[in-house]
Amino acid sequence: MQPSPPPTTAAKILTFLLLLLTSTTTTSISPPPTAPPTKSPTSPSSTLDPKQLEALQSLSIPTSRDPCAQPSLHNATLCDAATPFRHLTSLKLINCSDDVVLTITALKSLSTLSDLHFLNCHVTTVHLPSALAANLRSFSAVNSLRHLTGVWLSKMQNLTDLVVSDSPVNASGPGVILANMRALKSVSITNSNLTGLLPRHWRATTLTHLDFSHNQLRGRIPSSLTILENLEHLDLSSNQLNGTIPSSLGDLLSLKNLTFALNSLSGEIPDSISTMKSLVHLDLSSNQLNGTVPRFIAEMRNLQYLSLENNNLHGVIPFNGSFIKRLAVFKIGGNGNLCYNHSSISPKVKLGIAPCDKHGIPLSPPPAKEATDDGGSSGDSEDDYSDDGGGSEKSSHHGPSKIVLGVAIGLSSIVFLIVFLILISKRCT
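The structure contained in this document is the topic of the report that follows.

Thresholds, definitions, all that
Residues numbered from 1 in each chain as written. Predicted model: local features only at pLDDT ≥ 70, side-chain atom pairs only at ≥ 80, totals over all residues. Heavy atoms only, no water. Helix = DSSP H or I, 4+ residues; strand = E, 2+ residues; numbered from the N terminus. Buried < 20%, exposed > 50% of the residue type's maximum accessible area, 1.4 Å probe, protein only. Phe/Tyr/Trp six-rings, centres within 6.5 Å; stacked < 30°, edge-to-face > 60°. Contact = heavy atoms within 4.5 Å. Polar contact = N/O pair within 3.5 Å; in protein donor to acceptor, adjacent residues only side chain to side chain. 1 Å grid on protein atoms, 1.4 Å probe; cavity = no way out; pocket = protein on both sides within 12 Å on 5 of 7 lines; lining within 4 Å. Points joined across faces, edges and corners; volume = space filled by probe spheres on them. Nonpolar A, V, L, I, M, F, W, Y, C, P; charged D, E, K, R; others polar. Patch = residues over 30% accessible without salt bridge, like charges linked within 9 Å, V, L, I, M, F, W, Y side chains within 5 Å. Areas by Shrake-Rupley, 256 points an atom, 1.4 Å probe, with all protein chains shown as cover. Salt bridge = Lys/Arg side-chain N within 4 Å of Asp/Glu carboxyl O.

1. Let's talk about unusual backbone geometry
Piece 1. Looking along the chain, the bond that leaves glutamine 70 and enters proline 71 is cis, with omega of -5°.
Piece 2. Take proline 71: it is sitting in the loop between α2 (50–58) and β1 (77–79).
Piece 3. For the bond running from threonine 83 to proline 84, omega is 0°, close enough to zero to count as cis.
Piece 4. Mapped onto the fold, proline 84 is located in the loop between β1 and β2 (88–94).
Piece 5. Although it is not a glycine, leucine 145 adopts a positive phi angle of roughly 70°.
Piece 6. On the secondary structure map, leucine 145 appears in the loop between β4 (138–142) and β5 (148–149).
Piece 7. We note that aspartate 166 has phi near 55°; this positive angle belongs to a residue other than glycine.
Piece 8. In this fold, aspartate 166 is placed in the loop between β6 (161–165) and β7 (169–170).
Piece 9. A residue is classified by how much of its surface remains accessible, and aspartate 166, at 37% relative accessible area, is partly exposed.

The following block contains the structure:
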């Protein structure tokens, strides 16, 4: 048997190509290595406690995505970082539909909340679980909640911020609500048909903001308010308060905003207000205050808003034009016995009160002057009022004097002409 001949060069090349083709085909059809699974940035299953997730669903809050993912839908939810399940710390119920029902079961599941807010959510209140009431630090109900009572609100004893607005509250007074709230820093219960008297005792001495405006509160302003030494904002406007403003109010040295407008307060403006060096906003309008306007008001350097209109104040206002110009808002009208010194304030400034005579009594305003051709005033408006009150008489006296003088000159001319004609006729005869 003869040995086989060695392969030719062409055969070698053909064999190499076949081997290369086989290797490439095998590589291309082999499956790629399996990569380790990566976790989706947004897991389809919620990280929220299942009981709280169920509570949100019962309140018609969408839970298709994780309620703890930020930003949440309408910024309605915030969560802590607990494991294995996170828990809600803040919840806003906004524009609730008519079929939403607040249940005790749902509220019990939400006992980890520290902030609970209702906005345009007219659901009926139910019993507030003690665990939730103790944990809440901030609560608000704006145009929300039916059958809201002072006792229901009073259960949240650890609140620091309380807001109720445009939501009727059935309570015998704000004292029922605030009786056991020691940590409050800000309370605003407005336009809520709140009746009764202002509290005589205040547990929350840490208050900085107190607003009971637009209610039905009656009685006097208690001097015990001065225990709230950190108070910066005090608004008791649009109520039925009467009596005098307590002189001890001046002890509130941190006060920046003081509003007692639209009540039935009487008496004088207390001088103690002069100690409130930080006061920016002072509104005592639409009351029955009497006496004179205190001079110290002109020395309150931080004051920007001053309204004393619609009272029974009298005398000369102790302000000049530069003080009035410095204010952003100045309202003094509606005080029939109040007047201003025209030497200090131009009559061009419309104050709603008359100028004073030299005795400090309001003058009747003069008749309106006709405008000049350029649309401005006649130019002598500064002299329209005299210190002795005779400005109007002078103005009316000047007119008739000119007429009499003109008539006299005309008659004299006629007499002279007659005499002249008589003389000429005599000479001609």
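2. Some details on the packing of aromatic side chains
Piece 1. Applying the stated criterion across every chain yields a total of 4 aromatic pairs.
Piece 2. Among the aromatic residues, those joined into a cluster by ring pairs are Phe118, Phe139 and Trp152.

3. Section: the environment of leucine 178
Piece 1. Along the chain, the position of leucine 178 falls in helix α6 (residues 174–178).
Piece 2. Among the residues examined, leucine 178 registers a relative accessible area of 9% and is labelled buried.
Piece 3. In the structure, leucine 178 is positioned 28 residues away from glycine 150 in sequence and 8.8 Å away in space, judged by C-alpha atoms.
Piece 4. Filtering out sequence-adjacent residues up to four positions away, leucine 178 remains in contact with Leu184, Val187, Trp202, Arg203 and Phe212.

4. Topic: the environment of threonine 124
Piece 1. Tracing the backbone shows threonine 124 in the loop between β3 (115–119) and α4 (130–135).
Piece 2. Along the chain, threonine 124 and serine 144 lie 20 residues apart, while their C-alpha atoms are 9.0 Å from each other.
Piece 3. Threonine 124 has contacts with Leu102, Arg146 and His147, leaving out every residue within four places of it along the chain.
Piece 4. In terms of polar contacts, threonine 124 uses its side chain to reach the side chain of arginine 146, at 3.4 Å.

5. Observations regarding empty space enclosed by the protein
Piece 1. On inspection of all chains with the given rule, the structure shows 1 cavity of 30 Å³ or more.
Piece 2. Lining the largest cavity, in full, are Ile61, Pro62, Thr63, Arg65, Asp66, Pro67, Ala69, Ser72, Leu73, Ala76 and Thr77.
Piece 3. In terms of residue class, the lining of the largest cavity is built from 6 nonpolar, 3 polar and 2 charged.

6. Some points on a nonpolar patch on the surface
Piece 1. A contiguous nonpolar surface patch, about 520 Å² in accessible area, is contributed by Phe416, Leu417, Phe420, Leu421 and Ile424.
Piece 2. In this fold, phenylalanine 416 is placed in helix α8 (residues 391–428).

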